[in-house]
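So you can see what is in the structure, the chains are spelled out below.
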Amino acid sequence: MAELNQVRATLLKVADQISALGSNKSSSETTSSRPPESEATTSSSSSTASNAASEHRRLFNFGKTRHLVTKSKGKQSTKGKGKQPATKFKFVCLADSTTNCPPLSVKEKTDLCNAGLGDTTILLELNDSSVYLHEEVLKTFPKLSDTGGYELLLHQRGGGENGGFHTIKPPLCSLRLKDVCGKAKIYVRPLQRNIPLDSFDDEIPEEENE
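Below, the structure is looked at part by part. As the structure is a prediction and not an experimental result, all values here were calculated from the model. (Residues numbered from 1 in each chain as written. Predicted model: local features only at pLDDT ≥ 70, side-chain atom pairs only at ≥ 80, totals over all residues. Heavy atoms only, no water.)

Details of the sheet that holds strand β4 (residues 164-167)
No. 1: With mixed pairing, five strands are arranged side by side in an open sheet as β2-β1-β5-β3-β4. Either end of the sheet is taken by a strand with one partner, and the two such strands are β2 (118-125) and β4. Between one strand and the next, the sheet's axes are offset by a mean angle of 40 degrees, whatever the strand orientation.
No. 2: Relative to strand β5 (residues 186-190), strand β3 (residues 150-156) is paired through four bridges, and the arrangement is antiparallel. Bridging from a neighbouring strand, L153 pairs with Y187 of β5.
No. 3: With respect to the sheet, helix α3 (residues 130-140) is in contact with β1 (86-93), β2 and β3, its orientation differing from that of β2 by roughly 145 degrees. (Pairing = 2+ DSSP bridges. Helix = DSSP H or I, 4+ residues; strand = E, 2+ residues; numbered from the N terminus. Axes fitted to C-alpha atoms, helices over the stretch in contact; angles between N-to-C directions. Contact = heavy atoms within 4.5 Å.)

Below is the structure:
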């Protein structure tokens, strides 16, 4: 009986030792299983941070691109508001509505010059406005306003059918004159009434004597 009790006590000790070993193993497995969870958590955090950085970069680049486009458009609109290109034209205003040749002698050229006619150069903006061209011509030769209209001509030297004056047909604008005339002289001839060859001094009224 005593031996049986001793065997039972020995078995209980062995069982306690086995139980203790099982508990230690379970604790060890639990401890060893924690790093993967930590790594997964760290990986998830890194992925979230990466996504946030990508989203920030996308938004930042979008704003920068939009700013550059807006700035570029601003430069274009500013440039579009600048002055239009201009070029110089040589005009010769005639006095006689029936003349068929340009002034050749020194006297003819001098008479026209003294009357505010003859050769001159006009700087014109290149556009398709006939009103603008008409106003600039009258501003340069104000006596044309009393002649009932005028016509613009080119002159071909020599005789025959091609010689003499040739009328420039409408539309009359500076842009078209550049294409048609180039650097040639453009003659302005009154249509209905001749321009009197009075000098500017003759048009100034004399002061009354006190």
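Anyway, onward from the coordinates.
A short note on the pairing of β1
No. 1: As defined by bridge partners, β1 adjoins β2 across eight bridges and the pair is classed as antiparallel. Residue V92 lies in a different strand from β2, and its bridge partner there is D119.
No. 2: Bridge analysis of β1 against β5 gives three bridges, and the strand direction is parallel. Within β5, the position partnered with F91 by the bridge is I186.

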